[in-house]
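For reference, the chains in residue letters:
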Amino acid sequence: LRATVVPSLAFVLSLSLFLFLYSDHEGLVLALIATCTCMAACTLAAGSVTRQATLAAISSLALASLLLGSAVGLWLHVAHMKRFWWLYHGAKYDAVNPFDASLDADNVAIIEFVTSAVIDTSYTLGYLAKGSIFCVAPVLPGAGVLSKPVLYWAVGTDCCDRRSNFACGGAAKTSTVSAVVEKLDGTFSRAVMQAASVYGLKASSTPRLVRFVEHPTSVLAEIWKETSTIAVMAVLIHLLLSIIASFT
């Protein structure tokens, strides 16, 4: 029983630390993982020296579980939870004019544009790269309003044609003016530059990418659901392997 429970607890502990604490307490998490790893290694050494095979086996499984759980947890943090916590803690601004460059681009996570704001899909561009279509379209204060350089661009992947049919996120619903901010990506930056060139638009030198959504909180729920599903599957697979290892 101990050969199953101890490694499983070690895996769940290390995985949970990276999911829930690593974003705000990176140093603490690394210190805890290092401490637990040292304890497991010392116990393994003690079991080997005293020739206690059971203790050595359990310690080796716990050590491997700590390292594996940390690897899975770090991967989930980079792939999903880093964005989750950034959106969760980020600032939200209401009634934003798409030409307003005064917002702190580094801290804003959710934007509610003015009700007249539109994604002008007549300037849609689909940029082919990495086997996908990277879609961009300008966000304007009103249809056809181009009195200033375009600052905000609605983006998405595989949701448009080369020059039309932009249907990314909540763009299809004309009443949607809520958007989550996307990190500036090199591929999308090139798509924006190409769109500005193709349509003769003036674009800001530092474009801001957004994805329109009907309910911004649904993005958090979507990220959490995907992350928790992967985490639960990892725990169950590890538990199964631990049970098999305890009988070998």
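Here, every reference points to the structure presented above.
Residues numbered from 1 in each chain as written. Predicted model: local features only at pLDDT ≥ 70, side-chain atom pairs only at ≥ 80, totals over all residues. Heavy atoms only, no water.

Participant: What exactly am I supposed to notice about the packing of helix H2 (residues 26-49) against helix H3 (residues 53-89) here?
Facilitator: Two quantities define a packed helix pair, namely the angle between the axes and the distance from one axis to the other. Two numbers describe how H2 lies on H3: the axes approach to 8 Å, and their chain directions differ by 160°. Viewed along their axes, H2 and H3 adopt a mutual orientation that is roughly antiparallel. Judged by the sense of rotation from one axis to the other, the crossing of H2 with H3 is left-handed. Between H2 and H3, the contacting residues are Ile33, Cys36, Thr37, Ala40, Thr43, Leu44, Gly47 and Ser48 on the first element and Leu55, Ala56, Ser59, Ser60, Leu63, Leu66, Leu67 and Ser70 on the second. Broken down by class, the residue content of the contact of H2 with H3 amounts to 9 nonpolar, 7 polar and no charged. (Axes fitted to C-alpha atoms, helices over the stretch in contact; angles between N-to-C directions. Helix = DSSP H or I, 4+ residues; strand = E, 2+ residues; numbered from the N terminus. Parallel < 35°, antiparallel > 145°, perpendicular 65-115°, else oblique. Left-handed = near helix turned anticlockwise from the far one by under 90°. Contact = heavy atoms within 4.5 Å. Nonpolar A, V, L, I, M, F, W, Y, C, P; charged D, E, K, R; others polar.)

Participant: Got a minute to help me understand the pairing of strand S2 (residues 108-113) in this structure?
Facilitator: A regular strand carries its side chains on alternate faces of the sheet. Burial runs high along S2: 5 of the 6 residues are buried. Two strands pair when backbone bridges link them, and strand S1 (residues 91-96) and S2 are joined in this way by 4 bridges, in the parallel orientation. Bridge pairing links Lys92 to Ile110 in S2. Judged from the 3 bridges that link them, S2 and strand S7 (residues 178-182) form a sheet pairing that is antiparallel. Following the sheet pairing, Glu112 is matched in S7 by Ser178. (Buried < 20%, exposed > 50% of the residue type's maximum accessible area, 1.4 Å probe, protein only. Pairing = 2+ DSSP bridges.)

Participant: Looking at this model, I keep getting lost on the packing of H3 against helix H5 (residues 216-246). Mind explaining?
Facilitator: As a packed pair, H3 and H5 sit with axes 9 Å apart at the nearest point and diverge in direction by 175°. One finds that H3 runs roughly antiparallel with respect to H5. Of the residues in H5, those in contact with Leu61, Ser65, Leu68, Val72, Trp75, Leu76, His80, Met81, Arg83, Phe84, Leu87 and Tyr88 of H3 are Val219, Leu220, Ile223, Trp224, Glu226, Thr227, Ile230, Ala231, Ala234, His238 and Ala245. The class makeup of the residues in the contact of H3 with H5 is 17 nonpolar, 4 polar and 2 charged.

Participant: Would you explain the nonpolar core in this entry?
Facilitator: General note: in soluble globular proteins, nonpolar side chains tend to be found buried as a group. Of all hydrophobic cores here, the largest spans 42 residues; its most connected members are Leu87, Ile111, Phe113, Tyr152, Phe166, Val210 and Phe212. At the level of secondary structure, the elements contributing two or more residues to this core comprise helix H1 (2-20), H3, S2, strand S5 (132-140), strand S6 (150-157), S7, strand S8 (203-212) and H5. Looking at this core, the element that brings in the most residues is H3, giving 7 residues. Those residues in contact with Tyr152, other than ones at most four positions away along the chain, are Val96, Asn97, Pro98, Asp100, Leu103, Ile111, Phe113, Pro138, Val139, Arg208 and Val210. Within the second largest apolar cluster, 18 residues are counted, among which are Phe99, Tyr123, Phe188 and Val192. (Core = buried A, V, L, I, M, F, W, Y, C linked by side-chain atoms within 4.5 Å.)

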